[in-house]
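Spelled out, the chains give:
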Amino acid sequence: MTRPLPSSPGPEGPLPAGLAALPRPVAVVVGAGGVLGAAHAGVGYALEERGFTPDMIIGTSVGALTGAIAAAHPTGAAPWLDGVWTQLRRREVYPLGFLPSRASLFTDRGLRRLIARSGLPSRIEELAVPFTAVAMDLATGASVSLDRGDLQSALLASAAIPGMLPPVEREGRILVDGGVIAYVPVLAALRAGAASVVVLTTGPGSSAPHLPVPNRRAGAVAARAGLLLIQHQIERDLDAVSRHIPTVVLPTGIEAWPAPWDFGQSQRLISTAHRTAGQFLDGLRISGPGLYRTEEPPAASADRGEASTHSLSRSAL
């Protein structure tokens, strides 16, 4: 079941040409990224200001929580998410003071509290916009789409970072963070019947790949290997989906991403992503299946508060 986009103008006027040209149903895909997920709120502001409401929302890891809030509040999720992110602290998500289990370093009590105060219904079917949380089956490595039943357990499963937060048992399967298998779950959107996708992602997925030259220190080598692993997964999935349907990757304009445990930079991420995604949307034009995103890396001055322009790229595949 899908909810058609209203034909009436949005709160700031009619949809920009690019958004209006997206084939229906259109899915918003919200990727993983942990603390970087604050940028999702900024991109959300840009979409809501232009009167955009999706037909379905697919999220993984922190993107599942973002997506569920957007599905519950389809015309006003961005201010809600802004309030969540700007008040969030590390100890609320990864609380210390509790004995770890054999399965994880931290309990999920903090995440459960965050979900409880996010204004969400108890079941996925009760959300205003059709929603899917993506997790990974720890036994088989398969991607698992959770689109019905208990919402809290679906969000906990999708965000269960292996080793950090406990796995979730659901319907006889042991589930962990969907970002392991689908950092940006565009394939799940295609399987769900989307005719086009709008991607909200962070870090390595928010522009065409421009990776820095590595140094040879142990930490840098490990970090680059992890980044390349994620980048290759994202590019593979975007390539596969964009061969069939228009695939729009919204830029964030963020040059300096915070450390995974640093929740103190949320306002910077939100404001930069808001401005950059808005500029991109106003210049977007759709002409059939392909990959639509910025050519320039995120370092193109937007994160320093300066005016920034981004060339639009359509990869006709």
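Predicted model, so just to flag it, every value in this text is computed and none were measured.

Bringing the overall build of the protein into the picture now. Scanning the protein from N- to C-terminus turns up 10 helices and 10 strands. With 317 residues in all, the protein has 53% of them scored as buried. Here the contacts in the protein between residues at least 6 apart in sequence split such that 76% fall between residues at least 24 apart. Within the structure as shown, the protein displays about 13,700 Å² of accessible surface, and the carbon and sulfur contribution to it stands at 57%.

Moving on, we get to the pattern of salt bridges. Summed over the entire model, instances satisfying the criterion amount to 9 salt bridges. Glu-125 is the salt-bridge partner of Arg-123, the closest N and O atoms lying 3.3 Å from each other. Judged by relative accessible area, which is 39%, Arg-123 ranks as partly exposed. Note on Glu-125: relative accessible area 44%, which makes it partly exposed. In this structure, Arg-236 engages Asp-237 in a salt bridge whose closest nitrogen and oxygen atoms are separated by 2.9 Å. Under the relative-accessibility criterion, Asp-237 is labelled buried at 3%. Residues participating in the shared-partner salt-bridge network are Glu-49, Arg-50 and Asp-282.

Turning to helix H10 (residues 266–283), a few remarks are in order. Here H10 contains 18 residues, and its C-alpha end-to-end distance of 26 Å stays within 8% of the 26 Å for a straight helix at 1.5 Å per residue. The complete set of buried residues in H10 reads Ser-266, Leu-269, Ile-270, Thr-272, Ala-273, Thr-276, Ala-277, Gly-278, Phe-280 and Leu-281.

Attention now goes to the nonpolar core. Note that soluble globular proteins tend to have their nonpolar side chains buried in a common cluster. Core analysis: the largest hydrophobic core is formed by 64 residues, its most contacted members being Leu-120, Phe-131, Leu-155 and Leu-250. No other element matches the 7 residues that helix H2 (residues 38–49) contributes to this core. Ala-32, Val-134, Tyr-183 and Leu-291 belong to the second largest nonpolar core, which has 21 residues in total.

This part takes up the packing of H2 against helix H4 (residues 77–87). In the contact formed by H2 and H4, the axes pass within 8 Å of each other and the chain directions differ by 160°. In terms of orientation, H2 lies roughly antiparallel with respect to H4. At the point where H2 passes H4, the crossing takes the left-handed sense. Contacts between H2 and H4 involve Ala-38, Ala-41, Gly-44, Tyr-45 and Glu-48 from the former and Ala-77, Ala-78, Pro-79, Leu-81, Asp-82 and Trp-85 from the latter. In the contact of H2 with H4, the residues fall into 8 nonpolar, 1 polar and 2 charged.

Another point: the side chain of Arg-170. Considering the arrangement of structural elements, one finds Arg-170 in strand S5 (residues 168–170). Although Arg-170 is buried, it forms no salt bridge, and the closest oppositely charged side chain is Glu-171 at an N-O distance of 4.4 Å. Engagement of the side chain of Arg-170 in a polar contact is seen with the backbone oxygen of Arg-148, the distance being 2.6 Å. Those residues in contact with Arg-170 that sit more than four places away from it in its chain are Ile-124, Leu-146, Arg-148, Gly-149, Asp-150, Ser-153, Ala-154 and Leu-175.

With that out of the way, let us pick up the confidence of the model for the protein. With 79% of its residues at a pLDDT of 70 or more, the protein has an overall mean of 83. pLDDT under 50 marks residues 1–11. Its contacts with residues more than four places away, or in other chains, come to 23 contacts.

Structurally, the position occupied by Ala-277 is in helix H10. Linking Ala-277 and Thr-252, residues 25 residues apart in sequence, is a C-alpha distance of 6.0 Å. Those residues in contact with Ala-277, other than ones at most four positions away along the chain, are Val-43, Ala-46 and Pro-251.

Reading the values: the criteria
- Residues numbered from 1 in each chain as written.
- Predicted model: local features only at pLDDT ≥ 70, side-chain atom pairs only at ≥ 80, totals over all residues.
- Heavy atoms only, no water.
- Helix = DSSP H or I, 4+ residues; strand = E, 2+ residues; numbered from the N terminus.
- Buried < 20%, exposed > 50% of the residue type's maximum accessible area, 1.4 Å probe, protein only.
- Contact = heavy atoms within 4.5 Å.
- Areas by Shrake-Rupley, 256 points an atom, 1.4 Å probe, with all protein chains shown as cover.
- Salt bridge = Lys/Arg side-chain N within 4 Å of Asp/Glu carboxyl O.
- Expected span 1.5 Å × (residues − 1).
- Core = buried A, V, L, I, M, F, W, Y, C linked by side-chain atoms within 4.5 Å.
- Axes fitted to C-alpha atoms, helices over the stretch in contact; angles between N-to-C directions.
- Parallel < 35°, antiparallel > 145°, perpendicular 65-115°, else oblique.
- Left-handed = near helix turned anticlockwise from the far one by under 90°.
- Nonpolar A, V, L, I, M, F, W, Y, C, P; charged D, E, K, R; others polar.
- Lys, Arg positive; Asp, Glu negative; His and termini not counted.
- Polar contact = N/O pair within 3.5 Å; in protein donor to acceptor, adjacent residues only side chain to side chain.
- pLDDT = per-residue confidence, 0-100.

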